[in-house]
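# A closer look at the structure
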Amino acid sequence: MSETTTQMQDFLTRQAKVCHDNCEIEKDLYKELGVKRGLRDVDGVGVLAGLTNISCIQSSEMINGEKVPCEGKLFYRGYNIYELVDGFMKRGEFGFEEITYLLLFGKLPDEKQLKEFREILAQSMTLPKNFTRDVILKAPSKDIMNTLTKSILTLASYDDKASDISMENVLRQCLMLISVLPMMAVYGYHGYNHYVNDDSLYIHRPDPNCSMAENILRMLRPDKSYTELEARVLDIALVLHMEHGGGNNSTFTTHVVTSSGSDTYSVIAAALSSLKGPKHGGANIKVVEMMQDLRKNVDDISDESQVEEYLRKLLHKEAFDQKGLIYGMGHAVYSISDPRAQIFKAFVKKLALAKGREKDFELYSMIETLAPKVIADERKIYKGVSANVDFYSGFVYSMLDIPLELFTPIFAMARIVGWSAHRLEELTNVDKIIRPAYQSVQDEKEYIEMEDR
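For every chain, the first residue of its written sequence is number 1, and the numbers climb from 1 along that sequence. Since the coordinates come from a predicted model, pLDDT governs what is reported: local features require at least 70, and pairs of side-chain atoms require 80 or more to be given and counted, while whole-chain, interface and lining totals use all residues. With hydrogens and water excluded, all non-hydrogen atoms of the structure serve as input to the side-chain values.

Convention followed: UniProt positions are given in the numbering used here, feature names are shortened, and annotations may be inferred rather than shown by experiment.
You'll find the protein entered in an unreviewed UniProt entry as Citrate synthase, with Anaerostipes amylophilus given as the organism. We quote the UniProt Sequence similarities (unreviewed entry) comment for the protein here in full: "Belongs to the citrate synthase family." What UniProt records for the protein under Pathway (unreviewed entry) is the sentence "Carbohydrate metabolism; tricarboxylic acid cycle."

Structural data, given as structure tokens:
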């Protein structure tokens, strides 16, 4: 180690503690001054920061003037998510394009409108000449979310109207980004897998006649092959992850950056940066890693008592990452159930049977039943706990042979639809920059001359 490197490391070690000590704020002050940490009340209710027509999450209802927890409900533009999924499934169609139209334009398309919209998305599924070689494959990274952010910001350089925030132009940009995000993510993974993992490199172009879900699998796999069940389950995953209220971290980021007057590329890059955090879009990866650790440390995964003992160890910070969490359990809003997880579970079971992974599905189902009971025993909780959509999504992606590096990017491929809808809504309705207040708790100090320090 060089002298310069040693000096840098020594400086960082010393000063990191100084940073921590001078950044730390007493937790009691939040309560004393009425500041809601994370912009949430102690009972989990979010601080009202805006209005939206795009989606609605319901976890409780008023009965005789009293707020009572209920089965979780999710509405896209006023339509129940159960009915939307049932609708396109009964017709034997893929839902991504139809539900994207609904979220962006506020109404369900008829056959002619949907046909035209699919054509528009297909036309938008094109990257600039040599962009894949010069941008996506250059400096490959295991962190595909960073690759996506870099690629989207670079796309602004190819857009003569990058800073134009008129409705027509922003809509054009959003449709283009929705269409090319899967390409950039999958190509980014192939670049990493080739240059870092020394595997074969193959770049498949999307087929304009395929659905979004089909194209993702087509571009990802060496032989472009997939089953109809695989594509339909991935399509369901995309629809369920598209949108979840304006208050989730990445969507709120979209509103905040949009409110400053920034361009679409910067807004989506900021949303991606928010989503990549393990407390947000990276949660399903933690579920998969937790399940891998469980299999290593539980002798018989079919024995409920052994599995329950492991779950208690998780809560006691004696297993996995010592964070005291059972990943995939609980949600900031839902209590009794997460409707997305409920819808997903039926399709997960079908895929597990087709893939010969019934035992894995049984383990997930067992934990879904046991975890809420264990958490209720071990924790003082203000509302119910149930499995969230992340609990099953990682399992699904593993059955689809999607690499771990693409788990969060697939979330982004879906959620960019919601971000786009919220960007359009923010531009339409709000003309003030979002600027919340922070109260200073720092004492005033007298300046000290250099020779007296």
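Next comes the rest of the write-up.
## What about the overall build of the protein?
Here is the rule: Runs of E in the DSSP output that reach at least two residues are strands. Runs of H or I that reach at least four are helices, and both are numbered from the N terminus. Only C-alpha atoms enter the radius of gyration; for comparison, a globular chain is expected to reach 2.2 Å times N to the power 0.38, where N is the number of residues. Burial here depends on accessible area, computed with a 1.4 Å probe over protein chains only, as a share of the maximum for the residue type. Under 20% is buried, over 50% is exposed, and the range in between is partly exposed. Calculation of accessible area relied on Shrake-Rupley with a 1.4 Å probe; when residues are assessed, cover is drawn exclusively from the protein chains displayed. The positive count covers Lys and Arg only, the negative count covers Asp and Glu only, and His and the chain ends enter neither. To locate a charge, take atom NZ for lysine, CZ for arginine, CG for aspartate or CD for glutamate.
Broken down by element type, the protein carries 18 helices and 3 strands. Taken against the 2.2 N^0.38 rule, which gives 22 Å for 453 residues, the C-alpha radius of gyration of the protein at 24 Å falls within 12% of a compact globule. In terms of principal-axis extent, the alpha carbons of the protein reach across some 75 × 60 × 60 Å. Out of the 453 residues in the protein, the part that is buried amounts to 47%. As displayed, the protein offers around 24000 Å² of accessible surface, 50% of which is attributable to carbon and sulfur atoms. Separation of charge centres in the protein, based on 54 positive and 66 negative side chains, amounts to 2 Å.

## Here's the deal with the nonpolar core
We apply this condition: Residues enter a nonpolar core if they are buried and are Ala, Val, Leu, Ile, Met, Phe, Trp, Tyr or Cys, with the set joined through side-chain atoms within 4.5 Å. Whether two residues touch is decided by their heavy atoms; if any such pair falls within 4.5 Å, the residues are in contact.
If you look at the biggest cluster of nonpolar residues, it comprises 117 residues, and the most contacted ones within it are Y76, M184, L311, F344 and I367. When neighbours within four sequence positions are excluded, Y76 is seen to be in contact with I54, S55, I81, L84, I99, L102, L103, V239, L240, H241, M242 and E243.

## A closer look at a positive patch on the surface
Basically, it comes down to this: To count toward a patch, a residue needs a relative accessible area over 30% and no salt bridge; like charges are then connected within 9 Å, while nonpolar side chains (Val, Leu, Ile, Met, Phe, Trp, Tyr) are connected within 5 Å. Take a side-chain nitrogen of Lys or Arg and a carboxyl oxygen of Asp or Glu: if they are within 4 Å of each other, that pair is a salt bridge.
Positive charge collects at one region of the surface, where K279, K317, K323 and R379 lie side by side. Relative to the elements of secondary structure, K317 occurs in the loop between α14 (304-315) and α15 (339-355).

## Some remarks on the environment of R312
Short version of the rule: Polar contacts here mean pairs of N or O atoms no more than 3.5 Å apart (in protein, one a potential hydrogen donor and the other a potential acceptor; neighbouring residues in sequence count only if both atoms are side-chain atoms).
Along the chain, R312 falls in helix α14. Apart from residues lying up to four places away in sequence, R312 is in contact with V374, D377 and E378. Here the side chain of R312 touches D377 through a polar contact of 3.0 Å, side chain to side chain.

## Here we look at the pattern of salt bridges
All told, the structure shown has 23 salt bridges when counted by the stated rule. The partner of E308 in a salt bridge is R312, and the shortest N-O contact between them spans 2.9 Å. In this pair, E308 and R312 both sit in helix α14, 4 residues apart, roughly one turn of the helix. Taking relative accessible area as the criterion, E308 reaches 25% and is therefore assigned partly exposed. Among the salt bridges present, the one from D360 reaches R357, with a minimum N-O distance of 2.9 Å. Overall, the relative accessible area of 16% leaves D360 in the buried class. The exposure class of R357 is partly exposed, given its relative accessible area of 24%. Bridged by salt links that share partners, the residues R91, E93, E98 and R118 form one connected network.

## As for the packing of aromatic side chains
What counts is decided by this rule: The criterion for an aromatic pair is that two Phe, Tyr or Trp rings (for Trp, the six-membered ring) have centres within 6.5 Å, with stacked assigned to planes under 30 degrees apart, edge-to-face to planes over 60 apart and tilted to the rest.
Tallying each qualifying case throughout the model produces 12 aromatic pairs. Ring centres of F105 and F117 lie 5.9 Å apart, and the angle between their planes is 85 degrees; on these two criteria the pair is classed as edge-to-face. Here F117 lies in helix α5 (residues 111-123) and F105 lies in helix α4 (residues 96-105), a separation of 12 residues in the sequence. Residues Y364 and F395 carry aromatic rings whose centres are separated by 4.4 Å and whose planes lie at 15 degrees to one another, so their mutual orientation is stacked. Of the two residues, Y364 is situated in helix α16 (residues 358-378) and F395 in helix α17 (residues 389-399); the sequence distance between them amounts to 31 residues.

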